[in-house]
Amino acid sequence: MSAVNDVAPLRQVAPGLRLLGFDLGPKTIGLALSDVERCLASPLETLPRAKFTADAERIAALVARLGIGGFVIGLPLNMDGSEGPRAQATRAFARNLRRVIPLPAAFWDERLSTAAVTRSLIDQDASRARRAAVVDRMAAAYILQGALDRLRREEHGETGPAT
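Draft legend 1. Main features of the overall build of the protein. Counting secondary structure elements, the protein contains four helices and five strands. Counted from the first residue to the last, the protein has its helices and strands arranged as β-β-β-α-β-α-β-α-α. Evaluated residue by residue, the protein yields a buried proportion of 44% over its 163 residues. For the protein, the exposed area adds up to about 8300 Å²; of that, 55% sits on carbon and sulfur atoms.

Draft legend 2. Fine view of the packing of aromatic side chains. Going through the model one piece at a time under the given rule, you end up with three aromatic pairs. Between Phe-52 and Phe-93, the aromatic rings sit 5.4 Å apart at their centres with planes inclined by 80 degrees, giving edge-to-face as the arrangement. With Phe-52 in helix 1 (residues 52-66) and Phe-93 in helix 2 (residues 85-100), this pair connects stretches of sequence that are 41 residues apart. On the accessibility criterion, Phe-52 (25% relative accessible area) is partly exposed. Look at Phe-93 and you get buried, because its relative accessible area is 5%. An aromatic cluster is present here, built from Phe-22, Phe-52, Phe-71 and Phe-93 joined pairwise through their rings.

Parameters at a glance
Residues numbered from 1 in each chain as written. Predicted model: local features only at pLDDT ≥ 70, side-chain atom pairs only at ≥ 80, totals over all residues. Heavy atoms only, no water. Helix = DSSP H or I, 4+ residues; strand = E, 2+ residues; numbered from the N terminus. Buried < 20%, exposed > 50% of the residue type's maximum accessible area, 1.4 Å probe, protein only. Areas by Shrake-Rupley, 256 points an atom, 1.4 Å probe, with all protein chains shown as cover. Phe/Tyr/Trp six-rings, centres within 6.5 Å; stacked < 30°, edge-to-face > 60°.

Structure (structure tokens):
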């Protein structure tokens, strides 16, 4: 696994394969999918968390069905950038998932992703129930889009501050 916001592992993904973005929560897994050109992230679905084996089986089915070649996993860092128990649990999930589905994966700093998505939904006058139904998969898309943007910038030789 890579350091946070290091998209180098994603360069191993063959052309034409999509990336799957993750927003891992204690009760749900928000998922997002890239297009085959890896330019645009779209919310996919929200899975209720179960035992790891069941979660991995559902993810493996998506990998096979949707042509996924790599993962972008949101890493819940503390506001000071340190890793707490949730970040450690996310790294453990990623390690276990890689044993079952050996695809390249990158971690992406997910600080404030849910807050940004929630703010956007509120601006769109989404009801509380609607926000609850879509926030995890939209946060996964926000995370995945950040990684896609970085990957594209690096492929074009652009430099700039980390996002």
